[in-house]
Amino acid sequence: MNAPSPRLDDPGSLDGRVFDVVVIGGGIVGASSAREAAAAGYSVLLVEKDDFGSGSTSRSSRLLHCGLRYFEAPRPMRHFARHPGRLVTSLRMARAGMRERREMVLTAPERVRPLDFFFPVYDDSPYAPWQLDLAFGLLRRLAPGDVPLDYRRMRRAEALKQPMVAALAHPDRLRGVARFTEYQFDWPERICIDAVLDAEDAGAVALNYTQATLGAIRDGVRSVALAGRNGAVAEVGARRVLTMSGIWIDRVLGATDAPPRRRVFGTKGAHIVIRLPEEYRNQGITTINSQGEPFYCIPWHGLHYIGPTETPYDGDLDDIHVDAADLEFLLSETDRLFPGLGVSRADVLRTWAGVRPLTYHPAHPKGNRDRVLHDLGREGLDGVYAMTAAPVMSHRGSGRMVVEKLRASLAPKSDGATLAYRPRLPLAKSNSARLAPDMAYTLADVRHAVRREHARTLMDVLYRRSGIGLRHDVTDDQIARTADVMSEEMGWSDAQRAREIESYKADVAHLFGVPGRA
């Protein structure tokens, strides 16, 4: 029988417990690692300093992409000929991506959706049409064929019959268009929450809003200090520590007595959300921006989002948002892509930005995209591991990689559990009121999010547990109705309820608003 779980927001009851594995970082990679380790039979504690899935997991381009981007480079044939190691990395990452793409589509179809994507090739493009044929041919061979790419190269005249292609710049210079099926994570934050719940079902303990600090090791067990946001503290032991904290990895490791060398290089990916003409719905563009980097226009629930940027980031890791420079660059690139649409600052409905936790390497000025599981025992941190450059789309494979590493030095104490990877929503209910007539999310879901899914703030519920925030313009009435249920569940006073609503609105404006707009 599993030991009783602590209160969702109180680490105090864990004081003195020893876990086989402590996972620091509750994004999608950390949650998946905790899930796989618990299912393999290890005792696991998952700790996140903010909310689960609130960091880079929630700020990506949301593509379960086919791996094409790993072959995108200025003058690709010359680039890979000069850097054969990067070609090997690209092939490995693309293969992992294609396998995870297939698995997600087949096992969690509720969490992904197919889109028609177009890749234009111009007279002056760094790619020739035959190179696209070669790239997609490689991708087809890197994964089984039951989730097809549906790749087809279209000639200019045929391609221009597609509304979104016809809106592109320089139709007279268009040589052809690659059309293929891409998949989108409809809700990566929810996939992360589901992974946390899977981990708990397999016996793990999960805490959000809890800071973890690495301590000394004694007799093979490393101390980890826990501090909850309400002042509760504890010290637990860990036979192994998985530092899955993404862009915060160097900060977590830097707090130890023997900080290891740098592991993470962060690049900022910013996006803008606009409304394009109705005939463009469900059509997307993947292309190369003026900097020679991948650039997308992606359908999103009747809207489109455009991006990302690829900017080295050394700013505040706890305050990542689209700034004026990001906005101007994205508007410039949008005008370059669709000059006839006249998209301006006034057309931007919302924004978001995140920082990719890429692998630091001096030879890669914008970070290395090679996923690496670092064994830090070689630098004085025995039993401590960290993972960098783990894509959102390959989170399941990252978790399995972790378990392989654990098994090499630590045997699990139980037989573990079988994972179903099942989506957790919607709940089975018949008469609970909806937040709004056009929303599937109900007041019972809000209550469940607090009681069973670790939700502690309005942002937790309206963005990460429900997915409402990025899909709808949430009204004051809907915010108030959500706050009423949370107040009942969490015992908020009228003053605290008002503060929570004010904090939610301020966070939305800061994280998803348009710079310079009042």
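An account of the accompanying structure is given in this report. Model, not experiment: these values are computed from the prediction.

What counts and what doesn't
- Residues numbered from 1 in each chain as written.
- Predicted model: local features only at pLDDT ≥ 70, side-chain atom pairs only at ≥ 80, totals over all residues.
- Heavy atoms only, no water.
- Helix = DSSP H or I, 4+ residues; strand = E, 2+ residues; numbered from the N terminus.
- Rg over C-alpha atoms; globule rule 2.2 N^0.38 Å.
- Buried < 20%, exposed > 50% of the residue type's maximum accessible area, 1.4 Å probe, protein only.
- Contact = heavy atoms within 4.5 Å.
- Areas by Shrake-Rupley, 256 points an atom, 1.4 Å probe, with all protein chains shown as cover.
- Lys, Arg positive; Asp, Glu negative; His and termini not counted.
- Charge placed at Lys NZ, Arg CZ, Asp CG, Glu CD.
- Salt bridge = Lys/Arg side-chain N within 4 Å of Asp/Glu carboxyl O.
- Patch = residues over 30% accessible without salt bridge, like charges linked within 9 Å, V, L, I, M, F, W, Y side chains within 5 Å.
- Pairing = 2+ DSSP bridges.
- 1 Å grid on protein atoms, 1.4 Å probe; cavity = no way out; pocket = protein on both sides within 12 Å on 5 of 7 lines; lining within 4 Å.
- Points joined across faces, edges and corners; volume = space filled by probe spheres on them.
- Nonpolar A, V, L, I, M, F, W, Y, C, P; charged D, E, K, R; others polar.
- Right-handed = clockwise from strand over helix to strand, strands pointing away.

1. Some points on the overall build of the protein
When its secondary structure is counted, the protein shows 15 helices and 18 strands. Relative to the 2.2 N^0.38 estimate, which gives 24 Å for 518 residues, the radius of gyration of the protein is 23 Å and therefore close to what a compact globule would have. Across the 518 residues that make up the protein, the buried fraction comes to 58%. By sequence separation, contacts in the protein at least 24 residues apart represent 74% of the contacts at least 6 residues apart. In the structure as shown, the protein presents an accessible area of about 21,600 Å², 49% of it carried by carbon and sulfur atoms. The distance from the centre of the 70 positive side-chain charges to the centre of the 65 negative ones in the protein is 5 Å.

2. A word on the pattern of salt bridges
The tally for this structure, following the rule as stated, stands at 42 salt bridges. Across the pair aspartate 194 and arginine 190 runs a salt bridge, and its minimum N-O distance is 3.0 Å. Here arginine 190 and aspartate 194 lie together in helix α7 (residues 188-201), a separation of four residues that amounts to about one turn. Judged by its relative accessible area of 0%, arginine 190 falls in the buried class.

3. Concerning a nonpolar patch on the surface
Where nonpolar side chains cluster on the molecular surface, the patch consists of Trp130, Leu134 and Leu138 and spans about 290 Å² of accessible area. Secondary-structure assignment places leucine 138 in helix α4 (residues 129-141). With relative accessibility at 33%, the residue leucine 138 sits in the partly exposed group.

4. Here's the deal with the pairing of strand β6 (residues 174-185)
When you tally the buried positions in β6, you get 11 out of 12 residues, the bulk of the element. When strand β4 (residues 112-122) meets β6, the two strands line up antiparallel, connected through 11 bridges. In the strand pairing of β6, valine 121 is matched with glycine 176. Pairing analysis gives three bridges linking strand β5 (residues 152-154) to β6, with the strands arranged antiparallel. Residue arginine 152 lies in a different strand from β6, and its bridge partner there is arginine 179.

5. Some remarks on empty space enclosed by the protein
Gaps left between atoms show up when a probe the size of a water molecule is rolled over them. The final tally for this structure, using the stated rule, is three cavities of 30 Å³ or more. Each pocket or cavity is described by its volume, and for the largest cavity that value is around 90 Å³. If you go around the largest cavity, the residues you meet are Arg35, Met104, Ala108, Arg111, Ile191, Asp194, Asp198, His395, Arg396, Tyr421, Arg422 and Pro423. Listed by contribution, the elements that provide at least two residues to the lining of the largest cavity are α7 and α10 (395-407). Tallied by class, residues from the lining of the largest cavity come to five nonpolar, one polar and six charged. If you add up the space inside the second largest cavity, you get close to 60 Å³. Taken together, Arg62, Asp186, Trp187, Glu189, Trp300, Tyr463, Gly467, Ile468, Gly469, Leu470 and Arg471 make up the lining of the second largest cavity.

6. Quick look at unusual backbone geometry
Proline 308 follows glycine 307 through a cis peptide bond whose omega is 0 degrees. Tracing the backbone through its elements, the reader meets proline 308 in the loop between β14 (303-307) and β15 (311-312). Located in the positive-phi region is aspartate 150, a residue other than glycine, with phi close to 55 degrees. Relative to the helices and strands, aspartate 150 is located in the loop between α4 and β5.

7. Some details on the pairing of strand β1 (residues 18-24)
For β1, a buried count of six out of seven residues is recorded, marking the element as mostly surrounded by other parts of the structure. Relative to strand β10 (residues 233-243), β1 runs parallel, the two sharing six bridges. Each residue of the ladder has a partner; that of valine 18, found in β10, is glycine 237. As defined by bridge partners, β1 adjoins strand β2 (residues 44-47) across four bridges and the pair is classed as parallel. By the bridge assignment, valine 21 is partnered in β2 with valine 44. Following the backbone out of β1, through helix α1 (residues 28-39) and into the adjacent parallel β2, one traces a crossover that is right-handed.

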